[in-house]
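Okay, here's what each chain looks like letter by letter:
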Amino acid sequence: MPRLSQKAANDCGRTILASLAARKSGGAEAIYAKLPKPPVAGYSLPQLAEEAAKLGLRLSPLIPASPLEGCDQNVKNSPAVRAHLRTIADSVNAGSPVIVIKRPARIAAHYVVVVGADDRGFSIYDPLEESLVRSSSAELAENICAIAYLALKVQ
């Protein structure tokens, strides 16, 4: 997947969409330039899905089999979360990257793309980082728990 670096604090959604679309049609920078600038808070989930569709990408929600609330250790280590992380791993290993919303301390929310998985964890394309980031299952669960473990399969 072509990698772009995030150009503004609010354009992680725009950046990852350009990179994802460029897998099929090339020219990530050109695709990025054609996408609308995000609002101050960045693309919302509906805006992300709308712009993805315009690029020929379909985002399908991956949600845990049972409703999960909270980020305490009992929830993050539950069988439902482990099964959900296996679903994410299966998706990326079958060739479908998965967008997740990460909640780092320095910004409110941040889109990243899970692009690989193995028995040690996940490989993540974060447009704020220079290279792929490795994340254990526990770290990924910690990063996505605040948004009810929502993930978006890219097709």
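Procedures and definitions
- Residues numbered from 1 in each chain as written.
- Predicted model: local features only at pLDDT ≥ 70, side-chain atom pairs only at ≥ 80, totals over all residues.
- Heavy atoms only, no water.
- Helix = DSSP H or I, 4+ residues; strand = E, 2+ residues; numbered from the N terminus.
- Buried < 20%, exposed > 50% of the residue type's maximum accessible area, 1.4 Å probe, protein only.
- Contact = heavy atoms within 4.5 Å.
- Lys, Arg positive; Asp, Glu negative; His and termini not counted.
- Charge placed at Lys NZ, Arg CZ, Asp CG, Glu CD.
- Disulfide = S-S within 2.5 Å.
- Pairing = 2+ DSSP bridges.
- Axes fitted to C-alpha atoms, helices over the stretch in contact; angles between N-to-C directions.

Undergrad: Explain the overall build of the chain to me, please; I cannot follow it from the model alone.
TA: Counting secondary structure elements, the chain contains 6 helices and 6 strands. Reading the helices (α) and strands (β) of the chain from amino to carboxyl end gives α-α-α-β-α-α-β-β-β-β-α-β. Across its three principal directions, the C-alpha atoms of the chain cover 45 × 30 × 25 Å. Taken over 155 residues, the chain has a buried fraction of 47%. Restricting the contact set of the chain to residue pairs at least 6 apart, pairs at least 24 apart contribute 55%. Side chains of the chain give 18 positive and 14 negative charges; the mean places of these two sets differ by 5 Å.

Undergrad: Can you walk me through the state of the cysteines in this structure?
TA: Cysteine pairs can be covalently joined through their sulfur atoms, and such a bond is termed a disulfide. Throughout the structure, instances matching the rule amount to 0 disulfides. Here Cys12 stays unpaired: no disulfide links it, and the sulfur of Cys145, its closest cysteine neighbor, is 18 Å away. Residue Cys12 is classed as buried on the basis of its relative accessible area, which comes to 7%.

Undergrad: How should the sheet that holds strand β5 (residues 133–135) be read in this particular structure?
TA: Backbone-to-backbone hydrogen bonds pair the strands of a sheet. The strands run either parallel or antiparallel. Pairing is antiparallel in the open sheet, where 6 strands are placed in the order β1-β6-β2-β3-β4-β5. Each of the sheet's edge strands pairs with one partner strand only, and the pair in question is β1 (59–62) and β5. Recorded for the sheet is a direction-independent mean angle of 40 degrees between the axes of neighbouring strands. Of the pairings in the sheet, the one linking strand β4 (residues 121–125) to β5 comprises 3 bridges and is antiparallel in character. Counted as the bridge partner of Phe122 is Ser135 from β5. Together, β1, β2 (98–102), β3 (110–118) and β6 (151–154) form the strand contacts of helix α3 (residues 45–54), whose direction differs from that of β1 by roughly 140 degrees.

Undergrad: What's the story with the environment of Gln47 in this structure? I'm lost.
TA: Inspection of the secondary structure puts Gln47 in helix α3. Sequence separation between Gln47 and Arg120 is 73 residues; the distance between their C-alpha atoms is 33 Å. With residues up to four places along the chain from it excluded, the contact list for Gln47 reads Pro39 and Gly42.

Undergrad: Would you mind showing me how to read the side chain of Ser96 here?
TA: Within the element layout of this structure, Ser96 appears in the loop between α5 (79–93) and β2. Ser96 sits in the buried class, given a relative accessible area of 14%. Every residue in contact with Ser96, bar those within four places of it in the chain, is listed here: Ser91, Lys153, Val154 and Gln155.

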